[in-house]
Amino acid sequence: MELTYEKFLRIFENADKINVDETTFYFDDDPEEQEHYLGWIGGQDKPYWVGYCDIPDGCEYSSAEEMFTAKIYDGKSLKERWEHAVICNIGGIDAETLLSYYGDKF
């Protein structure tokens, strides 16, 4: 099952129903393939967080869309670089396994 940008965004928009904390990915056009981290911690004003980006100590956002459109990966957003994003896991679970389990729910 293909993980489109829209499906990935919907998964994060439903972070209260599915664990997305410690989600990792890299960009296949990055020669170092540096892993980046995304997550969600409920009960916060800005529950969405990013680690290993252009901002040295990471950053926090109010919404998944805000996080995915922030220009924090070499001056571009995850949305802009989606075609090069390789999702390793979502919430610590292999992305393909998670997608096979949740299927059409998102």
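Placed above this text is the structure.
Everything numeric here is computed off the predicted structure, so don't read it as measured data.

J.: Just checking my understanding: could you explain the sheet that holds strand β1 (residues 23-27) for this structure?
T.: Strand pairing in a sheet is mediated by backbone hydrogen bonds. Such pairs are either parallel or antiparallel. Taking strand neighbours across the sheet as the criterion, the six strands line up as β4-β3-β2-β1-β5-β6 in an open arrangement whose pairing is antiparallel. Looking along the sheet, the strands with just one partner apiece sit at the ends: β4 (59-61) and β6 (93-94). Bridge analysis of β1 against strand β2 (residues 36-40) gives three bridges, and the strand direction is antiparallel. Bridge pairing in β2 places threonine 23 opposite leucine 38.

J.: How should the pattern of salt bridges be read in this particular structure?
T.: Pairing is possible between side chains of opposite charge, provided their charged atoms come close. Using the criterion set out here, one finds three salt bridges in the structure. With a shortest N-O distance of 3.5 Å, aspartate 74 and arginine 81 are connected by a salt bridge. Here arginine 81 falls in the buried class, since its relative accessible area comes to 9%. Salt bridges sharing common partners tie together Asp29, Asp74 and Arg81.

Rules used throughout
- Residues numbered from 1 in each chain as written.
- Predicted model: local features only at pLDDT ≥ 70, side-chain atom pairs only at ≥ 80, totals over all residues.
- Heavy atoms only, no water.
- Pairing = 2+ DSSP bridges.
- Helix = DSSP H or I, 4+ residues; strand = E, 2+ residues; numbered from the N terminus.
- Salt bridge = Lys/Arg side-chain N within 4 Å of Asp/Glu carboxyl O.
- Buried < 20%, exposed > 50% of the residue type's maximum accessible area, 1.4 Å probe, protein only.

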